[in-house]
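Residue-level structural notes
So the chains spell out like this:
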Amino acid sequence: MTHDSKTLDFKPIELHDKELFDQFFRKYPPLISEFTFTNLFCWRLSKRHEFALYNDHLIVSFFDYRKFRRFYQPIGENPADIMQ
């Protein structure tokens, strides 16, 4: 499901989300080794990894030590457009 609104429906990463992540990572291979489903899933509890879909992009967030939501670069065809 892809959302076109400004509101993103973030949800925690769960094991059954692996196929969705694998589809994105196959089509748009990450440039950093830490950005894999296995890594995101393993650290999901301590970093509170969550994700949402927005305009055919996968948006992954986490919470820093101050409990502020931070974002990884969006995964998709035009991540710069999504970051704007």
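Attention here is on the structure that accompanies the text.

Thresholds applied
Numbering of residues starts from 1 in every chain and runs along the sequence as written. In keeping with the model being predicted, local features are shown solely for residues with a pLDDT of at least 70 and side-chain atom pairs are shown and tallied solely at 80 or more, while totals for entire chains, interfaces and linings include all residues. Only heavy atoms go into the side-chain values, all of them from the structure, while hydrogens and water stay out. Pairing of aromatic rings covers Phe, Tyr and Trp, the last counted by its six-membered ring, and requires centre-to-centre distances within 6.5 Å; plane angles under 30 degrees mean stacked, over 60 mean edge-to-face, and any other angle means tilted. A run of H or I in DSSP becomes a helix once it reaches four residues, and a run of E becomes a strand once it reaches two; helices and strands are each numbered from the N terminus. Three exposure classes are used, based on accessible area relative to the maximum for each residue type with a 1.4 Å probe and protein chains only: buried under 20%, partly exposed in between, and exposed over 50%. Two conditions define a charge sitting above a ring: the NZ of Lys or the CZ of Arg must be within 6 Å of the ring centre, and it must be within 35 degrees of the ring normal. Note on terminology: a nonpolar core comprises buried Ala, Val, Leu, Ile, Met, Phe, Trp, Tyr and Cys residues joined through side-chain atoms within 4.5 Å. Note on definitions: a residue-residue contact is assigned when non-hydrogen atoms from the two residues lie within 4.5 Å.

Bringing the packing of aromatic side chains into the picture now. A ring pair, where both rings are aromatic, is described by two values, the distance of the centres and the angle of the planes. For the structure shown, the criterion picks out eight aromatic pairs. Measuring from ring centre to ring centre gives 5.6 Å for F37 and F41, while their planes differ by 20°; the resulting arrangement is stacked. Linking F37 with F41, this pair stays in helix α2 (residues 37-42), spanning four residues, or about one helical turn. Like F41, F37 is buried. Three or more aromatic residues joined by ring pairs form one cluster here, namely F21, F25, F35, F37, F41, F51, F62 and Y72. Residue placement shows R44 over the ring face of F41; its charged tip is 3.9 Å from the ring centre. One cation-aromatic arrangement involves K47 over F62; the distance from NZ or CZ to the ring centre is 4.5 Å.

With that settled, consider the nonpolar core. Formed by 15 residues in total, the largest nonpolar core has its most connected members in I13, F21, F25, F35, L40, L58 and V60. Those elements giving two or more residues to this core turn out to be α1 (18-27), α2, β2 (50-54) and β3 (57-63). Sequence-distant contacts of I13, that is, excluding residues within four places in its chain, are made with F21, F37, L40, F41, R44, H49, E50, F51 and V60.

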